[in-house]
Amino acid sequence: MYHAATGGSVDLLRELVKLGVSKFRADKEGVTPLMAACDRGHLSAAEYLKSKGCDVERTNKNGAACTHHAAWNGHRHILVWLVTREGARVGRPDILGRT
């Protein structure tokens with residue numbers, strides 16, 4: 001699921017969901033498939049995962065949420081979607097104090 005989200009493949013994400021693969025499972029750093037899609041700028045994949053119940057406010061082991069991942073990589077379109085359409089909070093620091 002994580003690799004499909006990282007690659008932005010909505011078709012593969014759909015197939016994995018149909019097969020029962022968890023869309024909530026994080027990697028060893030606590031990065032979820034939704035965070036991975038936001039990190040790489042894949043809006044369609046992020047929208048799909050959100051529509052399947054993934055949480056835009058969930059944080060990884062460093063306290064970073066989807067907004068952090070999108071911002072660090074310059075994905076303004078993801079940030080706009082997260083904040084204006086999904087109500088994601090901004091200004092929340094991660095464990096290093098980065099917002």
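Placed above this text is the structure.
Now for a description of the structure that goes with this document.

Rules behind the numbers
Residues numbered from 1 in each chain as written. Predicted model: local features only at pLDDT ≥ 70, side-chain atom pairs only at ≥ 80, totals over all residues. Heavy atoms only, no water. Helix = DSSP H or I, 4+ residues; strand = E, 2+ residues; numbered from the N terminus. Rg over C-alpha atoms; globule rule 2.2 N^0.38 Å. Buried < 20%, exposed > 50% of the residue type's maximum accessible area, 1.4 Å probe, protein only. Contact = heavy atoms within 4.5 Å. Areas by Shrake-Rupley, 256 points an atom, 1.4 Å probe, with all protein chains shown as cover. Lys, Arg positive; Asp, Glu negative; His and termini not counted. Charge placed at Lys NZ, Arg CZ, Asp CG, Glu CD. Axes fitted to C-alpha atoms, helices over the stretch in contact; angles between N-to-C directions. Parallel < 35°, antiparallel > 145°, perpendicular 65-115°, else oblique. Left-handed = near helix turned anticlockwise from the far one by under 90°. Core = buried A, V, L, I, M, F, W, Y, C linked by side-chain atoms within 4.5 Å.

On to the overall build of the protein, then. Within the protein one finds six helices and zero strands. For the protein, the α and β elements follow one another from N to C terminus as α-α-α-α-α-α. Radius of gyration (C-alpha) of the protein: 12 Å, near the 13 Å computed for a compact globule of 99 residues. With the C-alpha coordinates of the protein rotated into their principal frame, the extents come out at 40 × 25 × 20 Å. For the protein, the residues scored as buried account for 41% of the 99 residues in total. A separation of at least 24 residues holds for 64% of the contacts in the protein among residues at least 6 apart in sequence. Of the roughly 5,500 Å² of accessible surface on the protein, a fraction of 50% belongs to carbon and sulfur atoms. The distance from the centre of the 15 positive side-chain charges to the centre of the 10 negative ones in the protein is 2 Å.

At a closest axis distance of 10 Å, the pairing of helix α4 (residues 43-51) and helix α6 (residues 76-85) adopts a crossing angle of 25 degrees. As far as their axial angle goes, α6 and α4 are roughly parallel. Crossing handedness for the pair α4 and α6: right-handed. Between α4 and α6, the contacting residues are L43, A46, E47 and K50 on the first element and H77, I78 and W81 on the second.

What follows deals with the nonpolar core. If you look at the biggest cluster of nonpolar residues, it comprises 24 residues, and the most contacted ones within it are L13, L34, C38, L49 and L82. Breaking this core down by element, the ones donating at least two residues are α1 (2-7), α2 (10-18), α3 (33-40), α4, α5 (66-72) and α6. Take this core: its biggest share by element is five residues, from α3.

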